[in-house]
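Chain by chain, the residues run as shown.
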Amino acid sequence: MSAHTTNQKLLDWVAEVAEMTTPDEIIWCDGSKEEYDRLMVQMCESGMAIKLNEEKRPNSFAFNSDPSDVARVEGRTYIASVKEEDAGPTNNWIDPVELKETMRKLYKGCMKGRPLYVIPFSMGPIGSPIAKNAIELTDSPYVVVNMHIMARVSTDVLRLIEETDEFIPCLHSVGKPLAEGEKDSRWPCAPMEDKYIAHFPEERLIWSYGSGYGGNALLGKKCLALRIASAQARDEGWMAEHMLILRFTSPEGKQYHVAAAFPSACGKTNLAMLQSTVPGWKVETIGDDIAWMKINPETGRLHAINPEAGFFGVAPFTSKETNPMAMASLDKDCIYTNVVVTPDLDVWWEDMNIPIEKGTDWLNRPWTPDMKDENGKPLKGAHPNSRFTAPAANCPCICEAWEDPAGVPIDIFLFGGKRTSTVPLVTEALSFEHGVFMGATASSEPTAAALDLGNVSLRFDPFAMTPFIGYHAGDYMQNWFDMGEKLGDKAPKCFYVN
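All of the points below concern the structure found in this document. What you are looking at is a predicted structure, and each value in this text was computed from that prediction instead of being measured.

## Details of the overall build of the protein chain
- The helix and strand inventory of the protein chain stands at 12 helices and 29 strands.
- Its C-alpha radius of gyration of 22 Å places the protein chain within 12% of the 23 Å reference for a compact globule of 498 residues.
- Along the longest, intermediate and shortest principal axes, the C-alpha atoms of the protein chain span 65 × 60 × 45 Å.
- Here the protein chain holds 498 residues, and 57% of them are scored as buried.
- Once local pairs closer than 6 in sequence are excluded, the contacts in the protein chain between residues at least 24 apart make up 73%.
- Counting 47 positive and 69 negative side-chain charges, the protein chain places the centres of these two groups 3 Å from one another.

## Side note on the pairing of strand β23 (residues 387-391)
- Of all the five residues making up β23, five are buried; the element is thus mostly covered by neighbouring parts of the structure.
- Because side chains alternate across β23, one face comprises the buried residues Arg-387, Thr-389 and Pro-391, and the other comprises Phe-388 and Ala-390, equally buried.
- Of the strand pairs in this sheet, strand β18 (residues 335-337) and β23 are connected by three bridges, and their pairing is antiparallel. Looking at β23, one finds that Tyr-336 is bridged to Phe-388.

## Topic: the layout of surface pockets
- Of the voids in this model, the largest pocket is the one considered here, and its volume is about 1,400 Å³.
- Around the largest pocket, the lining comprises 48 residues; the ones closest to its centre are Ser-264, Ala-265, Cys-266, Val-314 and Arg-387.
- If you list the elements that add at least two residues to the lining of the largest pocket, you get α8 (220-236), α9 (268-272), β17 (310-314), β23 and β28 (459-460).
- Top contributing element to the lining of the largest pocket by residue count: β17, with four residues.

## With respect to the pairing of strand β9 (residues 196-200)
- Counting buried positions over the five residues of β9 gives five, a clear majority of the element.
- Burial along β9 is two-sided: Tyr-196, Ala-198 and Phe-200 and Ile-197 and His-199, pointing in opposite directions, are all buried.
- With five bridges joining them, β9 and strand β10 (residues 205-209) adopt antiparallel strand pairing. Residue pairing across strands places Phe-200 opposite Leu-205, the latter belonging to β10.
- Counting the residues that bridge the hairpin from β9 to β10 gives four residues, and of these Arg-204 lies at a positive phi of roughly 55°.

## Considerations on the packing of helix α2 (residues 33-46) against helix α5 (residues 141-150)
- Closest axis-to-axis distance for the α2/α5 pair is 10 Å, and the angle between their directions is 145°. Where α2 crosses over α5, the two elements pack in a sense that is left-handed. Residues Glu-35, Tyr-36, Leu-39, Met-40 and Met-43 of α2 lie in contact with α5, whose contacting residues are Pro-141, Tyr-142, Val-144, Val-145, His-148 and Ile-149.
- Among the residues forming the contact of α2 with α5, the class breakdown is nine nonpolar, one polar and one charged.

## Notes on helix α12 (residues 473-487)
- For α12, spanning 15 residues, the distance from its first C-alpha to its last is 21 Å, which sits close to the expected 21 Å at 1.5 Å a residue.
- Every buried residue belonging to α12 is among Ala-473, Tyr-476, Met-477, Asn-479, Trp-480, Met-483, Gly-484 and Leu-487, and all of these are buried. In a view along the axis of α12, the buried residues occupy a sector of 150°, so they form one face of it. With respect to the buried face of α12, the exposed residues turned more than 90 degrees away are Glu-485 and Lys-486.
- Lining the buried residues of α12 we find α8, β11 (239-241), β15 (291-295), β16 (302-305), β25 (412-416) and α11 (432-440).
- One or two positions beyond α12, positive phi appears at Gly-488, with a value near 55°.

## A look at the sheet that holds β11
- Across the sheet, which stays open at both edges, the four strands sit in the order β11-β15-β16-β24 with antiparallel pairing between neighbours. At either margin of the open sheet sits one strand with a lone partner, and together these are β11 and β24 (408-409).
- For β16 and β24, the ladder comprises two bridges, and the chain directions are antiparallel. From the neighbouring strand, Ala-304 faces β24, where its bridge partner is Val-408.
- Sheet strands touched by α8: β11 and β15. Its angle to β11, the strand with the most contacts, is close to 155°.
- Across the sheet, α12 is in contact with β11, β15 and β16; its angle to β11 comes to roughly 125°.

## Thoughts on the packing of aromatic side chains
- Applying the stated rule across the entire model yields 21 aromatic pairs.
- A centroid spacing of 5.5 Å and a plane angle of 90° characterise the contact between Tyr-107 and Trp-207, whose relative ring orientation is edge-to-face. Placement of the pair is Tyr-107 in helix α4 (residues 96-107) and Trp-207 in strand β10, with a sequence separation of 100 residues. Of the two residues examined, Tyr-107 and Trp-207, each falls in the buried class.
- The structure contains a cluster of three or more aromatic residues connected by ring pairs, namely Phe-413, Phe-415, Phe-432, Phe-463, Tyr-471, Tyr-476 and Trp-480.
- In this structure, Arg-234 is placed above the aromatic ring of Tyr-471, and the distance from its NZ or CZ to the ring centre is 4.2 Å.

## What to know about the packing of α11 against α12
- The N-to-C vectors of α11 and α12 enclose an angle of 155°; their axes lie 10 Å apart at closest approach. Classified by the angle between their axes, α11 and α12 sit roughly antiparallel to one another. Between α11 and α12 lies a crossing of right-handed hand. Every residue of α12 that contacts α11 at Phe-432, Glu-433, Val-436 and Ala-440 is listed here: Met-477, Trp-480, Phe-481 and Gly-484.
- Grouping the amino acids of the contact of α11 with α12 by side-chain chemistry returns six nonpolar, one polar and one charged.

Thresholds applied
- Residues numbered from 1 in each chain as written.
- Predicted model: local features only at pLDDT ≥ 70, side-chain atom pairs only at ≥ 80, totals over all residues.
- Heavy atoms only, no water.
- Helix = DSSP H or I, 4+ residues; strand = E, 2+ residues; numbered from the N terminus.
- Rg over C-alpha atoms; globule rule 2.2 N^0.38 Å.
- Buried < 20%, exposed > 50% of the residue type's maximum accessible area, 1.4 Å probe, protein only.
- Contact = heavy atoms within 4.5 Å.
- Lys, Arg positive; Asp, Glu negative; His and termini not counted.
- Charge placed at Lys NZ, Arg CZ, Asp CG, Glu CD.
- Pairing = 2+ DSSP bridges.
- 1 Å grid on protein atoms, 1.4 Å probe; cavity = no way out; pocket = protein on both sides within 12 Å on 5 of 7 lines; lining within 4 Å.
- Points joined across faces, edges and corners; volume = space filled by probe spheres on them.
- Axes fitted to C-alpha atoms, helices over the stretch in contact; angles between N-to-C directions.
- Left-handed = near helix turned anticlockwise from the far one by under 90°.
- Nonpolar A, V, L, I, M, F, W, Y, C, P; charged D, E, K, R; others polar.
- Expected span 1.5 Å × (residues − 1).
- Arc of directions from axis to C-beta.
- Phe/Tyr/Trp six-rings, centres within 6.5 Å; stacked < 30°, edge-to-face > 60°.
- Lys NZ or Arg CZ within 6 Å of the ring centre and 35° of its normal.
- Parallel < 35°, antiparallel > 145°, perpendicular 65-115°, else oblique.

What follows is the structure, given as structure tokens:
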């Protein structure tokens with residue numbers, strides 16, 4: 001019996017994984033500042049992390065990933081439902097028995113030379129009726145410190161699991177065992193052909209192997225909060241959506257809550273941290289990326305929480321001009337991945353609009369802004385998908401209700417895209433069903449650089465959920481209609497914005 005928990009199901013699972021992966025030790029995480037600080041010291045000493053200037057960026061660190069491990073790997077992401085048709089046309093499917101057999105071979109001995117960290121975390125305020133408890137097993141200290149920011153890591157989650165006997169198991173490994181005396185690389189990971197991000201929706205189970213990058217390794221984020229949660233929401237009669245949540249307060253003190261879904265590069269994060277320019281109106285952030293929504297039994301309305309505890313944002317295009325609230329969130333307690341580190345140990349990326357003479361680029365090489373690549377184009381110092389991990393509590397416009405376990409009542413759904421013609425700036429839906437049609441037809445034009453000359457095409461992304469629906473997209477649309485029927489005249493109004 002472990003001193004950490006009395007839950008036999010959890011103890012058995014940890015023992016089973018340890019037997020398969022053969023770690024050097026098992027470390028149960030508690031989410032404390034001491035734990036975070038200890039792991040950061042270890043990673044700085046090993047060369048994996050760079051401690052930034054304490055005066056400029058207190059308690060902040062920079063990491064550089066392997067060049068093969070810089071983004072989500074859609075082609076290696078699978079929905080392993082029992083029946084292929086349940087995965088639908090938008091997902092990669094592999095038979096779950098076959099996929100587990102393949103991955104067990106990869107997992108065998110994969111944590112040799114590393115610790116196995118047990119991370120108890122809650123998506124949403126701990127104990128909220130809308131939140132879910134989960135455990136991530138990982139061999140990556142980078143994952144542990146990022147999960148400290150992105151989820152609510154706490155031994156309180158273990159107590160809740162003991163009461164309910166319910167948790168979502170998430171298994172992750174960087175896929176790089178260490179031989180006796182072997183020096184670790186700065187960013188351990190497996191080759192692309194061995195990377196697997198696997199979801200088993202019927203079992204509420206996630207297995208990830210070979211990648212240390214956020215979207216593939218921080219399993220509370222897209223894997224649990226959208227792919228598994230969307231399947232769970234369909235079965236249990238709620239919604240897990242790729243949506244920001246905002247509160248607007250009128251001069252008279254009346255509150256309105258908006259949930260909004262936009263395809264990538266359409267300004268979602270900027271809207272999430274909007275600052276009011278209308279006299280008397282106040283705008284506050286509740287969530288920037290994901291909304292979990294359930295019908296409140298007392299009000300009959302749809303109440304939403306932000307299941308995350310932090311922002312995992314794209315650094316390029318984020319500046320004091322485009323998003324001053326995001327920039328203010330990055331002043332302290334932050335993790336940066338694949339940005340430029342300046343000689344005085346600050347961070348920099350393109351679009352920051354701050355002059356720089358030289359630095360160390362995301363590949364850990366000396367870099368100056370006048371450098372060119374082999375094609376004569378400017379050599380960027382920060383990777384285009386470089387990231388910041390910042391606590392939501394750092395955001396100056398965060399709403400006091402962002403941690404309300406009951407969630408906030410949603411008044412309006414916004415769907416949108418970026419179109420140069422044809423689509424009006426704002427359209428109100430005639431009904432909730434019409435609103436579902438709007439969300440299902442969300443589209444945006446590719447950027448000018450991606451256009452073939454004379455060929456203007458559209459990129460469709462229904463509900464901005466295409467890569468994240470954990471089951472058949474048609475059944476996902478049906479869940480929207482079903483929720484509309486349940487809500488009746490209490491359903492949020494819907495708008496399409498361009």
